[in-house]
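Below, each chain spelled out in residue letters.
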2 protein chains.
Amino acid sequence: MTEQTPLPAGFSTAGFRCGIKNDAPKLDLALFVSDHPCTAAGVFTTNLVCGAPVKVSRDRLPRATARAVVINSGNSNAATGERGLKDARRMTALLAEQIGVSSEDVLVASTGVIGRFLPMEVLEAGIPAAAKEVAKSPESFLKAAQAMMTTDTFPKLATATVKIQGREIRISGACKGAAMIAPNMATMLCVIMTDAKLSVDATQTMLRNSVQDSFNCISVDGHESTSDSVVLLANGASGAEVASAEDQKAFQAALDEVAVKLATDIIRDAEGAHHFVELNVTGTRNRDEAFVIAKSIADSPLVKTAICGADPNWGRIISAAGYAGIPLLETDMTLVINGFLLYESGTPVAFDAAQVSKSLRDNRVVTIDLKLTHGSGKVRFWTCDLTKEYVELNADYTT
Amino acid sequence: MTEQTPLPAGFSTAGFRCGIKNDAPKLDLALFVSDHPCTAAGVFTTNLVCGAPVKVSRDRLPRATARAVVINSGNSNAATGERGLKDARRMTALLAEQIGVSSEDVLVASTGVIGRFLPMEVLEAGIPAAAKEVAKSPESFLKAAQAMMTTDTFPKLATATVKIQGREIRISGACKGAAMIAPNMATMLCVIMTDAKLSVDATQTMLRNSVQDSFNCISVDGHESTSDSVVLLANGASGAEVASAEDQKAFQAALDEVAVKLATDIIRDAEGAHHFVELNVTGTRNRDEAFVIAKSIADSPLVKTAICGADPNWGRIISAAGYAGIPLLETDMTLVINGFLLYESGTPVAFDAAQVSKSLRDNRVVTIDLKLTHGSGKVRFWTCDLTKEYVELNADYTT
């Protein structure tokens, strides 16, 4: 499925093994390079403890002249102080030199262990070597996606096309997900490229819009990473400019499609998870209230273990809504799981527990619909179950 | 240790099996009765989805004429609508009739499965039968504590004495903890009795003070129960009145001692836990900021699994502080685990990982000290690790 994800026009990529990861011959360096200057925007972790690459890239965005992104896996360069900042800037300079641009026009991201300094000698050699391998092929894109992975079990790529000014433009992205090789942190990194032409403002606005309903609507374990970064690069190589309201709407929809595909892939590949959970909270006063309720449910270990055990334990779901901090009454809530009505306007509904449990056991995808009576606010949120494998992956390791 | 916890003067208790629990011959009904009218106060769950007994007891408190508390385990009478409220009130009437008081002077609490109606026929027979068994002995107190248990592995009792107006007064309490028999909710219930004489205001104020630094500073899994209730009854049977500032201070300290002992017993008995974690956050601008940071750390599944795995993964701890929502810089933080300095003023400290890991493996009690540089705010917070056993207990069950 992912083997043939094409790049937008004017972008080339590489996935390279430079030797940051000690274990196995794994790719650990990804390059994303544009032939032309790009408008670029980013959305980053709001964690006040954030990686050096987050600080460096955030300072450089948005901008109108971005040319490349360099990403390493195996070391997040987080909690590494001044030396970490110097190393992150050096990574961008190494790539800038190879492609003949200002280092300010190169962005950087890192994922992996926290609190260790980057092995710069490896990157000093690796980045120039990787730069020689960049190519415009789907194969190079796949390798770049693989080089971002930590314990992700599959590479995550997505692409969409849309007609703008009579021309077909393309949006393609790659991300890595919530997988930790202990003692690493879950870290989500994503690069999205397009050959459409966008203003800097539009790049930032449309990326924020897309992220709000995709990457900001997923939770594996509620622990916000130090390194989360989503970057959008638009190089205009298609010759089509996204300017009119109509074109912006069409582009936004295509960007949303790519972002949702990549974000939900992270949940599909969530550490130790047996179930992919789509949570629809509707009927709230506004979208924010739906979001807060959804996140409270998604982050409850009791809800997550119930899903793991195929237990239609609706009390855990409505009680997690109850402590979300949003004003509500029990009688305002109706709950449907996998199409089975379990709780209606505050009253338990008689249901066949064995049948609902079977549905939860037999389907990897679980749909939870919580309907309120307050208004037309709603959100779609994705999460996963909490399993013994998750605990194993994150506990059975010693630094 | 707990077998000989004495009751304060003028209180009698009973633990009885009336048959709410289907499994095994377990006690499931606890009575706490005072010979004299008590000033009484309560602190309850803030979950908007709360049990019927919470609504009934909360409405009756604080008051100056309370006489008894009736508690059942095996069914939380939560999410049961109007019928649940009627049943909870009926439980108080049944006990009131036996002891010859107004039913308004009886409080009620329930713990167990959510969303099922109470088996009232069992309680109609059980409460009068149990009322005939109340006694002033430590044995009856132990049985009352046992009758509150769900999957708690040990009964939780505590007592303290303090001199007030030259007389020794006693404070004794029993609680049950964060143990779930699937599909039950973790539910914390606590009754504290004293033979001191207190005003209604003082009863409420001092209970709130104690709860803030004990029951409100523990977290097993961050899922706030529908049924949490802590009740303090003061019957004045000692003849000593807690009125002067000095006496209030002495009483508060003794009440704190009882509350902290009971609250930490809940963590000692937390479901599936291997480690008891004491988290000291100090040097914040105020107590609230310390609390928010501590809770963010305590509720992170990544922190909890690291402790389970004896992994000195300090990055998970400081990053959980980073997303707590309190303004801070990495350089403001210093972290010490079990006496080992791991992170100092934003810089990783070289340490012997094997030695720290051994300390985590060999000690059931883990101490985490996070020191900030903002002021003199601080909090002590207790939590536990997240283990495969926790997931098993809460997942490997089907309703």
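Analysis parameters
Residues numbered from 1 in each chain as written. Chains lettered and ligands numbered in written order. Predicted model: local features only at pLDDT ≥ 70, side-chain atom pairs only at ≥ 80, totals over all residues. Heavy atoms only, no water. Buried < 20%, exposed > 50% of the residue type's maximum accessible area, 1.4 Å probe, protein only. Helix = DSSP H or I, 4+ residues; strand = E, 2+ residues; numbered from the N terminus. Pairing = 2+ DSSP bridges. Contact = heavy atoms within 4.5 Å. Buried area = accessible area lost by both parts, 1.4 Å probe. Salt bridge = Lys/Arg side-chain N within 4 Å of Asp/Glu carboxyl O. Nonpolar A, V, L, I, M, F, W, Y, C, P; charged D, E, K, R; others polar. Axes fitted to C-alpha atoms, helices over the stretch in contact; angles between N-to-C directions. Parallel < 35°, antiparallel > 145°, perpendicular 65-115°, else oblique. Left-handed = near helix turned anticlockwise from the far one by under 90°. Polar contact = N/O pair within 3.5 Å; in protein donor to acceptor, adjacent residues only side chain to side chain. Least-squares fit on C-alpha atoms with pLDDT ≥ 70 in both. Core = buried A, V, L, I, M, F, W, Y, C linked by side-chain atoms within 4.5 Å.

*Asks:* Would you take a moment to explain the pairing of strand 1 (residues 11–16) of chain B for this structure?
*Replies:* The two faces of the sheet receive side chains in turn, since in a regular strand these alternate between them. Residue and element names in this part refer to chain B. The element strand 1 is extensively covered by neighbouring structure, given that six of its six residues are classed as buried. Bridge analysis of strand 1 against strand 2 (residues 29–44) gives six bridges, and the strand direction is antiparallel. The residue bridging Phe16 from the neighbouring strand is Leu29, located in strand 2.

*Asks:* Is there a simple way to think about the interface of chain B and chain A in this case?
*Replies:* It is common to give the size of an interface as the accessible area lost on bringing the parts into contact. On the chain A side, the residues contacting the 60 residues of chain B number 60 residues. Both sides together, the interface formed by chain B and chain A hides about 4,600 Å², and carbon and sulfur atoms give 60% of it. The tally of links from chain B across to chain A stands at four salt bridges. Of the charged contacts, one joins Lys55 of chain B and Glu330 of chain A as a salt bridge, the two residues approaching to 3.1 Å between their closest N and O atoms. Among the secondary structure elements, those contributing two or more residues to the side of chain B that touches chain A are helix 8 (301–308), helix 9 (314–322), helix 10 (353–362) and helix 11 (388–395) of chain B. In terms of residue count, the dominant contributor to the side of chain B that touches chain A is helix 9 of chain B (seven residues). Of the residues that constitute the side of chain B that touches chain A, the class distribution is 32 nonpolar, 18 polar and 10 charged.

*Asks:* Can you help me understand the sheet that holds strand 15 (residues 377–384) of chain A in this one?
*Replies:* Within a sheet, neighbouring strands are paired by backbone hydrogen bonds and run either parallel or antiparallel to one another. Residues and elements named next belong to chain A. An order of 8-15-10-14-11-12-13 is seen for the seven strands of this open sheet, with the pairing classed as mixed. Sheet topology places strand 8 (218–219) and strand 13 (347–348) at the edges, where each strand pairs with a single neighbour. Two strands pair when backbone bridges link them, and strand 11 (residues 334–337) and strand 14 (residues 365–371) are joined in this way by four bridges, in the antiparallel orientation. The residue of strand 14 that forms the bridge with Leu335 is Leu370. Across the sheet, helix 7 (residues 287–298) is in contact with strand 10 (276–284), strand 14 and strand 15; its angle to strand 15 comes to roughly 20 degrees.

*Asks:* I tried to follow unusual backbone geometry on my own but got confused; where do I start?
*Replies:* If a residue is not glycine, its phi is most likely negative; likewise, a peptide bond is most likely trans. All names here are of chain A. Here the amide bond leading from Leu61 into Pro62 is cis, since omega sits at -10 degrees, within 30 degrees of zero. Residues other than glycine seldom take positive phi values, yet Gln165 does so here, at roughly 50 degrees. On the secondary structure map, Gln165 appears in the loop between strand 5 (156–164) and strand 6 (167–176). For Gln165, a relative accessible area of 48% translates into the label partly exposed. Of note in the backbone geometry, Ser345 takes a positive phi value of approximately 50 degrees without being a glycine. One can find Ser345 in the loop between strand 12 (340–344) and strand 13.

*Asks:* So what exactly am I meant to see when it comes to the packing of helix 1 (residues 52–60) of chain B against helix 2 (residues 81–99) of chain B here?
*Replies:* In a packed pair of helices, the relevant descriptors are the angle between the two axes and the axis-to-axis distance. Residues and elements named next belong to chain B. Relative orientation of the contacting elements helix 1 and helix 2 amounts to 60 degrees, with a least axis distance of 8 Å. When the interaxial angle is binned, helix 1 and helix 2 end up oblique. Considering only the axes of helix 1 and helix 2, their crossing is right-handed. Across the interface between the two elements, Ala52, Pro53, Lys55, Val56 and Arg60 from helix 1 touch Gly84, Leu85, Ala88, Arg89 and Thr92 from helix 2. Residues of the contact of helix 1 with helix 2, tallied by class, amount to five nonpolar, two polar and three charged.

*Asks:* Just checking my understanding: could you explain the side chain of Asn77 of chain A for this structure?
*Replies:* Residues and elements named next belong to chain A. With respect to the helices and strands, Asn77 occurs in the loop between strand 3 (63–75) and helix 2 (81–99). Of the polar contacts made by the side chain of Asn77, one reaches the side chain of Thr80; its length is 2.7 Å. Those residues within four positions of Asn77 in sequence are excluded, and the remaining contacts are Gly51, Ala52, Pro53, Gly84, Asp87, Ala88, Ser110, Val113, Arg116 and Leu118.

*Asks:* Please clarify how the relation of the copies chain B and chain A should be interpreted in this entry.
*Replies:* Comparison of the two chain copies shows a relationship of rotation about an axis with a shift along it. Mapping chain B onto chain A is achieved by rotating through 180 degrees and translating by 0.0 Å along the same axis, at an RMSD of 0.0 Å. Overall, the copies show the geometry of a two-fold rotation axis. Among all residues of chain B, the minimum C-alpha distance to the rotation axis is found for Lys388 of chain B, at 2.5 Å. The residues that chain B uses at the interface reappear at the interface of chain A in 100% of cases, marking a shared surface.

*Asks:* When you look at the nonpolar core in this model, what are you seeing that I'm missing?
*Replies:* In summary, soluble globular proteins display a tendency toward joint burial of nonpolar side chains. Counting residues in each nonpolar core, the largest one holds 169 residues, and the members touching the most others are Phe215, Phe251 and Ile293 of chain A together with Phe215, Phe251 and Ile293 of chain B. Top contributing element to this core by residue count: helix 6 (residues 245–268) of chain B, with 10 residues. Those residues within four positions of Phe251 of chain A in sequence are excluded, and the remaining contacts are Val162, Ile164, Ile169, Ile171, Thr194, Ala196, Leu198, Met206 and Val242 of chain A.

*Asks:* Help me out: how do you make sense of the side chain of Asp265 of chain A in this one?
*Replies:* All names here are of chain A. Secondary-structure assignment places Asp265 in helix 6 (residues 245–268). For Asp265, a relative accessible area of 3% translates into the label buried. Here Lys261 takes part through its side chain, which lies 2.8 Å from a polar atom of the side chain of Asp265. If near-sequence neighbours (up to four positions away) are discounted, Asp265 is found in contact with Phe154, Lys156 and Leu157.

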